[in-house]
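Results of the structural survey
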Amino acid sequence: MPATPDADSAGSRPADCFPASETALLRDLEPVVAAEVDRHLSAATDWSPHQYVPWSRGRDFEFLGGEGWEPGDSTVSPQSREALLVNLLTEDNLPYYHSAISHIMGGDGAWGFWVNRWTAEEARHSIVIRDYLTVTRAVDPEELERYRMAHMQGGYQPDHGESLLRGLAYVSFQELATRVSHRNTGQVSGDPVCEQLMARVASDENLHMVFYRNVIAAAFEAAPDETMRAVADVVTGFQMPGHAIDGFWRKSVAIANAGIYDLRLHHDTVLKPVLRYWRVHDRTDLGPAGEAARERLAAHLETLNTAATRFEERRAERRARQAARRQD
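This is a predicted model, so every value here is computed, not measured. (Residues numbered from 1 in each chain as written. Predicted model: local features only at pLDDT ≥ 70, side-chain atom pairs only at ≥ 80, totals over all residues. Heavy atoms only, no water.)

1. Observations concerning the environment of E205
Secondary-structure assignment places E205 in helix α7 (residues 192-222). Overall, E205 belongs to the buried group, its relative accessible area being 1%. Sequence separation between E205 and A298 is 93 residues; the distance between their C-alpha atoms is 26 Å. Among all residues touching E205, those that are not within four sequence positions of it are E91, E122, H125, E175, T178, R179 and H182. (Helix = DSSP H or I, 4+ residues; strand = E, 2+ residues; numbered from the N terminus. Buried < 20%, exposed > 50% of the residue type's maximum accessible area, 1.4 Å probe, protein only. Contact = heavy atoms within 4.5 Å.)

Spelled out as structure tokens, the structure:
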């Protein structure tokens, strides 16, 4: 379905609630969004969550006369369990994400079409991950539900507020970060079925990243200084959307120690490729404000790279000590 924009539409956001420059940019970028929607639809693969779930492994829980969950019910690695739990809880918050991006992008024209299409695709991810975890008993379903209730009752407030450029910049990085996390979670799970379904989800996330990345590339051409400032703000204050999950810090450390998602991956496989695509270090169209933002961004990347190296060194030392203890 082609996403032909309404030439008179700037989305359903009340224009007087946002800066005039962002309202104008929303209109200016709509033809780009329409083209990106059409490209996305031609590249996306429609799939059904039920196809990726090993239903034959399922059995009743105690409420229906079956057996309660036990830690040994699944062979999925402990590190992957933590990551799957965090990944699912993050995906479960989709209603809040939809509300946030629809408020920023509007509900009309190509922008509105994309918001709804993105939401429909993202909903598959929580469906398939939850079904897999429940059927294979990879996690305690009662604990999972307690986490879900607590996380969703906490709501979600985007760090970028109501800024169109910061919102677009954020999801450009966040979608790629999620893609990396999903893919690596499947690879360390020890279950080929899990690896297959997480690779499927990761493919969607990559296409979503490409959409947002390309729209921001167009924003750089239209408003280079404003876009550079937005990118610098997002990168220097970046947090994954699931950071409010109870126990997130402990879980994120376990995930990082397993190599599923860590500072090195964040720096090398998420930030650098996207920034390179936008030519942030090579642009010659920046004014003083844009240059100052670029310098701030470069300093942060250098600090992050140093922190990533230190983490890798400490992790290698821990693994060496653990290996030595196993030999004794």
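Still to come is the rest of the account.
2. Focus: the pattern of salt bridges
Taken as a whole and judged by the stated rule, the model has 22 salt bridges. Between R39 and E36 there is a salt bridge, with its nearest N and O atoms 2.8 Å apart. Within this pair, R39 and its partner E36 are both found in helix α1 (residues 20-43), separated by 3 residues, close to a single helical turn. On the basis of relative accessibility, which here comes to 25%, the residue R39 falls in the partly exposed class. A salt bridge links D268 to R264; the nearest nitrogen and oxygen atoms lie 3.2 Å apart. Here R264 and D268 lie together in helix α10 (residues 263-277), a separation of 4 residues that amounts to about one turn. Residue D268 is classed as partly exposed on the basis of its relative accessible area of 31%. (Salt bridge = Lys/Arg side-chain N within 4 Å of Asp/Glu carboxyl O.)

3. A word on unusual backbone geometry
Trans is the common state for peptide bonds, and a negative phi is the common state for residues other than glycine. In this model, R137 sits at a positive phi of 55°, which is unusual for a non-glycine residue. Following the sequence through the fold, R137 ends up in the loop between α4 (109-136) and α5 (141-153). When its relative accessible area of 1% is taken as the criterion, R137 is described as buried. Phi at R279 takes a positive value of approximately 55°, unusual for a residue other than glycine. Along the polypeptide, R279 turns up in the loop between α10 and α11 (288-327).

4. A closer look at the side chain of S181
Residue placement: S181 occurs in helix α6 (residues 164-187). Of note is the side chain of S181, whose polar atom sits 3.4 Å from the side chain of N87. Look past the residues within four positions of S181 in its chain and what remains in contact with it is N87, I260 and Y261. (Polar contact = N/O pair within 3.5 Å; in protein donor to acceptor, adjacent residues only side chain to side chain.)

5. Observations regarding the packing of aromatic side chains
Taken as a whole and judged by the stated rule, the model has 7 aromatic pairs. Ring geometry for W47 and Y52: centres 5.4 Å apart, planes at 80°, overall edge-to-face. For the pair shown, W47 and Y52 are each scored as buried. Ring geometry for F211 versus Y212: centroids 5.3 Å apart, planes at 90°, classification edge-to-face. Here F211 matches Y212 in class, with each residue buried. Residue placement shows R137 over the ring face of F61; its charged tip is 4.0 Å from the ring centre. (Phe/Tyr/Trp six-rings, centres within 6.5 Å; stacked < 30°, edge-to-face > 60°. Lys NZ or Arg CZ within 6 Å of the ring centre and 35° of its normal.)

6. Some thoughts on α7
Since the α-helix packs 3.6 residues into each turn, any two residues three or four apart lie on the same face. Here α7 is 31 residues long and its end C-alpha atoms lie 45 Å apart, about the 45 Å a rise of 1.5 Å per residue gives. Within α7, 22 of the 31 residues are buried, which leaves the element mostly enclosed by the surrounding structure. Where α7 begins, one side-chain oxygen reaches toward the backbone nitrogen of V193, 3.0 Å away; that side chain belongs to D191. (Expected span 1.5 Å × (residues − 1).)

7. Observations regarding the nonpolar core
Core analysis: the biggest nonpolar cluster contains 83 residues, and M105, W111, F173, Y212, V231, L275 and W278 have the highest contact counts within it. Considering every element that reaches this core, the biggest residue donor is α7, with 13 residues. In this view, Y212 contacts I101, M105, W114, W118, L168, V171, S172 and E175; residues no more than four positions away in its chain are not counted. (Core = buried A, V, L, I, M, F, W, Y, C linked by side-chain atoms within 4.5 Å.)

8. Description of the packing of helix α2 (residues 78-92) against α6
Between α2 and α6, the shortest axis-to-axis distance is 10 Å and the interhelical angle comes to 140°. As the angle between them shows, α2 and α6 are arranged oblique. Of the two elements, α2 crosses α6, and the hand of that crossing is left-handed. Contacts between α2 and α6 involve S80, A83, L84, N87 and E91 from the first element and T178, S181, H182 and T185 from the second. Split by residue class, the contact of α2 with α6 holds 2 nonpolar, 6 polar and 1 charged. (Axes fitted to C-alpha atoms, helices over the stretch in contact; angles between N-to-C directions. Parallel < 35°, antiparallel > 145°, perpendicular 65-115°, else oblique. Left-handed = near helix turned anticlockwise from the far one by under 90°. Nonpolar A, V, L, I, M, F, W, Y, C, P; charged D, E, K, R; others polar.)

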